[in-house]
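Each chain, written out:
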Amino acid sequence: GKNENLYHMFVLGMMIQLRDTHEVISNRESGKGRYDMALIPRNVPTHPRGFVFEFKEVEEEAQLARGVAHALKQITNKAYDTELTRRNVPHIVHVGIAFAGKQTSVGIEHRKKDRV
């Protein structure tokens, strides 16, 4: 929705500060859909951590936790981290962000690949 786009642009504006070390990508196809945003390290040995973000707007504050859980589940179920995995990023962080008006909640799941 409209508010989801506002949050997306706000976070994207902050993340653009990382463009020297990470590609900041918005709304790109990966896996079985389009993720909202990703930070992909330009140099994996130097910056081994990548991020995939999914935003969810909920109607009221009481639904924030459910919105975060839904966002994290969507990242996993739709394999939004496929591009990061393909680039051999060993530590991928899934970030689910839910918001209702001015209230926000963030959930994080770490996916670490064992080094071979």
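Residues numbered from 1 in each chain as written. Predicted model: local features only at pLDDT ≥ 70, side-chain atom pairs only at ≥ 80, totals over all residues. Heavy atoms only, no water.

Sorry if this is basic, but what is going on with the sheet that holds strand E6 (residues 91-100) here?
Backbone hydrogen bonds hold the strands of a sheet together, and the pairing may be parallel or antiparallel. Taken in spatial order, the 5 strands line up as E1-E4-E5-E6-E7 in an open sheet, and their pairing is mixed. The sheet is open, and its two borders are formed by strand E1 (22-26) and strand E7 (103-112), each paired with just one other strand. Within this sheet the neighbouring strands show an average axis-to-axis angle of 15°, counted without direction. The sheet strands contacting helix H2 (residues 64-77) are strand E5 (49-57), E6 and E7, and the helix crosses E6 at an angle near 145°. (Pairing = 2+ DSSP bridges. Helix = DSSP H or I, 4+ residues; strand = E, 2+ residues; numbered from the N terminus. Axes fitted to C-alpha atoms, helices over the stretch in contact; angles between N-to-C directions. Contact = heavy atoms within 4.5 Å.)

Help me out: how do you make sense of the packing of aromatic side chains in this one?
How two aromatic rings sit relative to each other is given by the distance of their centres and the angle of their planes. Tallying each qualifying case throughout the model produces 3 aromatic pairs. Consider the rings of Tyr7 and Phe99, whose centres lie 3.8 Å apart with planes at 20°: the pair is stacked. Taken together, the residues Tyr7 in helix H1 (residues 2-15) and Phe99 in strand E6 connect sequence positions 92 residues apart. Summarising the burial analysis for this pair, Tyr7 and Phe99 share the class buried. Ring plane angle 70° and centroid distance 6.4 Å describe the contact between Tyr35 and Tyr80, whose orientation is recorded as edge-to-face. Within this pair, whereas Tyr35 is found in the loop between strand E3 (33-34) and strand E4 (37-41), its partner Tyr80 is found in the loop between H2 and helix H3 (82-86), the two being separated by 45 residues in sequence. Judged by relative accessible area, which is 2%, Tyr80 ranks as buried. (Phe/Tyr/Trp six-rings, centres within 6.5 Å; stacked < 30°, edge-to-face > 60°. Buried < 20%, exposed > 50% of the residue type's maximum accessible area, 1.4 Å probe, protein only.)

Looking at this structure, I do not really get the side chain of Asp81. What am I missing?
Along the polypeptide, Asp81 turns up in the loop between H2 and H3. Buried and without a salt bridge, Asp81 has Arg111 as its closest oppositely charged side chain, separated by 5.7 Å. A polar contact is formed between the side chain of Asp81 and the side chain of His94, at a distance of 2.8 Å. Excluding residues that lie within four positions of it along the chain, Asp81 makes contacts with Ser30, Val52, Ile92 and His94. (Lys, Arg positive; Asp, Glu negative; His and termini not counted. Salt bridge = Lys/Arg side-chain N within 4 Å of Asp/Glu carboxyl O. Polar contact = N/O pair within 3.5 Å; in protein donor to acceptor, adjacent residues only side chain to side chain.)

Where do I start with H2 in this structure?
Because an α-helix completes one turn every 3.6 residues, residues spaced three or four positions apart along the sequence face the same direction. The terminal C-alpha atoms of H2 lie 20 Å apart, and with 14 residues this matches the ideal 20 Å at 1.5 Å per residue to within 8%. If you check which residues of H2 are buried, you get Leu64, Gly67, Val68, Ala71, Leu72, Gln74 and Ile75. End-on view of H2: buried residues confined to an arc of 155°, all on one side of the axis. Exposed side of H2, more than 90 degrees from the buried face: Ala65, Arg66 and Lys73 are the residues found there. Where H2 is buried, its residues meet E5, E6 and E7. Taken from the residues just after H2, Ala79 is the one with a positive phi, measuring 50°. (Expected span 1.5 Å × (residues − 1). Arc of directions from axis to C-beta.)

So what exactly am I meant to see when it comes to the pairing of E5 here?
A regular strand places its side chains on the two faces of the sheet in alternate fashion. Pairing between E4 and E5: 3 bridges, direction antiparallel. Residue pairing for E5: Leu39 is matched across the bridge by Phe51. Alignment of E5 against E6, held across 9 bridges, turns out to be parallel. The residue of E6 that forms the bridge with Phe53 is Val95.

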